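Residue-level structural notes
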Amino acid sequence: MSSSSEPVIDANLAVALDALLAEQSVTRAAARLHTSPAAMSRTLARLRRILQDPLLVRAGQTMVPTPRAHALRDEAAVVVRRLGALLTPGTGVDPAALRSTFTLQAADLVCAALAPGLRQLTQQEAPGVSLRFRAEEWEAGPALREGRIDLEIGSIDHVDPETQVEELVTLRMAVAVRPGHPLTEGTLTPDRLAAAEHVVVSRRGRFTGPLDTALAERNLHRRVAVVLPSHLAAMTLAARSDVVCLSPTAPPGAASAPLTDAATTLGLRLLDIPLPLPPVTIGMAWHPRHAADGGHHWLRNAVRRTLHVPGSSTT
């Protein structure tokens, strides 16, 4: 028993049909599509067999369309325009036409830095876009892969070869204390820093971090009085008590970034840490399937502009 198969769709035939019906000349259609008249003649013959209609017939020195060709002309032009839109890189999307909800996963300090600027950009450029921020509750690699989040922003520490990662800003950590705190008087030494009571930020409830490693190299140990899962909660506690917390700040000589605004808003004093600590790099990660998507492309650039990343587009 023979089985029928679906016909193979050849987009090139639709393009050729549109050119032939628009130009009503094999030679001009060939020039329009940058091919030879002989090749276009073969394509016309194939179209005649498929459509079972001569399409173009000679009338003196010219060719005129058949009634079937007249009926197909507008439809062929629409199909070709749609094919062009389908096969055009998606990064050329008009942000004003977007009707999307983007889900971003980030720590609370990053959310606080991003939300005002991103909201302003969406109002100005993409009013149909809604933003949903999620806390760092999911393992980002699978969440990106499964489409539960569109963008992860923060300290990207997971190793996933398929994830695309872009570094945005590099910051350093500083000691954040309330105005009038004893550490603001005199020189801040490792011994004085270790003697203070500290609040540590850890989603997993850990008491130690890079500062403890640096203190241990000098045989010093700090007392951690409180562990909180939120940077903003830790900074608020530091603003209202004598505990010490760590806050990101711009490297020496660099302009301040939105990620450093929270400490300023809470009125905290930032003091240089008298110990070598590794810098903190804030980046964004996304799944490759979004790499060429126009809406996602706009979102990534909006994040760059909000965080004042050097070289990011301002439009």
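Use the structure listed above.
Structural notes, computed from the coordinates. (Residues numbered from 1 in each chain as written. Predicted model: local features only at pLDDT ≥ 70, side-chain atom pairs only at ≥ 80, totals over all residues. Heavy atoms only, no water.)

1. A few points about the nonpolar core
Ranked by internal contacts, the top residues of the largest apolar core, which has 27 residues, are L104, L151, I153, L259 and V303. Breaking this core down by element, the ones donating at least two residues are β3 (101–106), α5 (108–125), β5 (151–154), β6 (164–177), β11 (280–286) and α11 (294–306). The greatest single-element share of this core, amounting to 6 residues, is contributed by α5. Each residue touching I153, except ones within four places of it in the same chain, is listed here: L104, Q105, A106, A107, V110, L114, L168, I282, G283, M284 and V303. In this structure, A16, A19, L20 and A69 belong to the second largest nonpolar core, which totals 18 residues. (Core = buried A, V, L, I, M, F, W, Y, C linked by side-chain atoms within 4.5 Å. Buried < 20%, exposed > 50% of the residue type's maximum accessible area, 1.4 Å probe, protein only. Helix = DSSP H or I, 4+ residues; strand = E, 2+ residues; numbered from the N terminus. Contact = heavy atoms within 4.5 Å.)

2. A word on the pattern of salt bridges
All chains considered together, the criterion is met by 10 salt bridges. Across the pair R223 and E197 runs a salt bridge whose closest N-O atoms are separated by 2.9 Å. A residue pair is termed long-range when its members are at least 10 positions apart, and R223 in strand β8 (residues 223–228) and E197 in strand β7 (residues 197–201) qualify at 26 residues. One connected set of salt bridges, linked through shared partners, spans D18, E23, R28 and R32. (Salt bridge = Lys/Arg side-chain N within 4 Å of Asp/Glu carboxyl O.)

3. Thoughts on the pairing of strand β1 (residues 56–59)
Pairing between β1 and strand β2 (residues 62–65): 4 bridges, direction antiparallel. In the sheet register, L56 faces β2, and the bridge partner there is P65. Counting the residues in the hairpin turn of β1 and β2 gives 2 residues, including G60, whose phi is positive at 70 degrees. (Pairing = 2+ DSSP bridges.)

4. Observations concerning the pairing of strand β9 (residues 245–249)
Extensive coverage of β9 is indicated by the burial of 4 of its 5 residues. Relative to β9, β6 runs antiparallel, the two sharing 5 bridges. What sits directly across from A176, in β9, is C245.

5. A look at the packing of aromatic side chains
One pass over the full model with this rule turns up 0 aromatic pairs. The ring of W286 is capped by R300, whose NZ or CZ atom sits 4.5 Å from the centre of that ring. (Phe/Tyr/Trp six-rings, centres within 6.5 Å; stacked < 30°, edge-to-face > 60°. Lys NZ or Arg CZ within 6 Å of the ring centre and 35° of its normal.)

Geometric values such as these leave the question of function open.
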